[in-house]
Amino acid sequence: MARRAELLEFAVLGLLHESPMHGYELRKRLNTALGGFRALSYGSLYPALRDLLDKQWVAEVPRASGGSGSKRARIVYELTATGKERFQDLVAQAGPNAWEDDEFDVHLAFFARTTHEVRLRILEGRRSRLEQRLAQVREASARNRERADAYTSALQRHGEESAEREVRWLEELIAVERGNTADPGSPTSSR
């Protein structure tokens, strides 16, 4: 659970790094841009925002509501200077956790703010992790081939094909990354 909270922190800081947002907009962006948070509820987002406020990584800025008839101010969250520093620390992490399924997706979402070296390390680590997973699936499939029913065999084939597709995709990204040493924000970058 703590790992998911840290991942949510990273994602929220990253989205607020792009622009200030109110809670509903943040939730919507988390759900659409960062697929790992599809099941995110207000019950987990607002405690995370409260924690970020307590750490002084974000600040609340009241803004007038936009014409829905309500005179109540809408709270907008924006990144503080220390929040920007925290995001930079998180985006620079390239260790084994960054290669795992959910965390990889969040890192990938913020690759434009990541250095070339970190992007390459994460992509290569993810590829290595998937190649290990693929070898395990193939080994289990070969071991259980005679005992598996048609549905189990189909599921194993699906897992193998999915891992193979992602490895190919990662190899393409790695090749592009190795050929592109431009700054991520530059117009010549191919992202």
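Before any of the text, the structure's been laid out above.
About the criteria used
- Residues numbered from 1 in each chain as written.
- Predicted model: local features only at pLDDT ≥ 70, side-chain atom pairs only at ≥ 80, totals over all residues.
- Heavy atoms only, no water.
- Phe/Tyr/Trp six-rings, centres within 6.5 Å; stacked < 30°, edge-to-face > 60°.
- Pairing = 2+ DSSP bridges.
- Helix = DSSP H or I, 4+ residues; strand = E, 2+ residues; numbered from the N terminus.
- Core = buried A, V, L, I, M, F, W, Y, C linked by side-chain atoms within 4.5 Å.
- Buried < 20%, exposed > 50% of the residue type's maximum accessible area, 1.4 Å probe, protein only.

> How should I be thinking about the packing of aromatic side chains in this particular structure?
The description of two aromatic rings rests on the distance between their centres and on the angle between their planes. Tallying each qualifying case throughout the model produces 4 aromatic pairs. Three or more aromatic residues joined by ring pairs make a cluster, and in this case those are Phe10, Phe87 and Phe110.

> I keep staring at the sheet that holds strand β2 (residues 58-63) and nothing clicks. Help me out?
Within a beta sheet, neighbouring strands are joined by backbone hydrogen bonds and run either parallel or antiparallel to one another. With antiparallel pairing, 3 strands are arranged side by side in an open sheet as β1-β3-β2. Each edge of the sheet is formed by a strand with only one pairing partner; in this case those strands are β1 (21-22) and β2. Direction of pairing for β1 relative to strand β3 (residues 74-79): antiparallel, over a ladder of 2 bridges. When the bridges of β3 are listed, His22 appears paired with Val76.

> When you look at the pairing of β3 in this model, what are you seeing that I'm missing?
A regular strand places its side chains so that they alternate between the two faces of the sheet. Sheet topology note: the β2/β3 ladder contains 6 bridges and is antiparallel. The residue bridging Glu60 from the neighbouring strand is Tyr77, located in β3.

> Teacher, can you tell me more about the nonpolar core here?
One broad trend across soluble globular proteins is that nonpolar side chains are buried collectively. Counting residues in hydrophobic clusters, the biggest one holds 26 residues, and the most contacted among them are Phe10, Val12, Leu13, Leu16, Leu26, Leu30 and Phe110. Among the secondary structure elements, those contributing two or more residues to this core are α1 (2-18), α2 (23-33), α3 (42-54), β3 and α4 (81-91). Element by element, the count of residues in this core is highest for α1, at 8 residues. One finds Phe111, Val118, Leu120 and Val167 within the second-largest nonpolar core, a separate group that totals 13 residues.

> Would you take a moment to explain the side chain of Glu177 for this structure?
Structurally, the position occupied by Glu177 is in helix α7 (residues 150-179). With a relative accessible area of 3%, Glu177 lands in the buried category.

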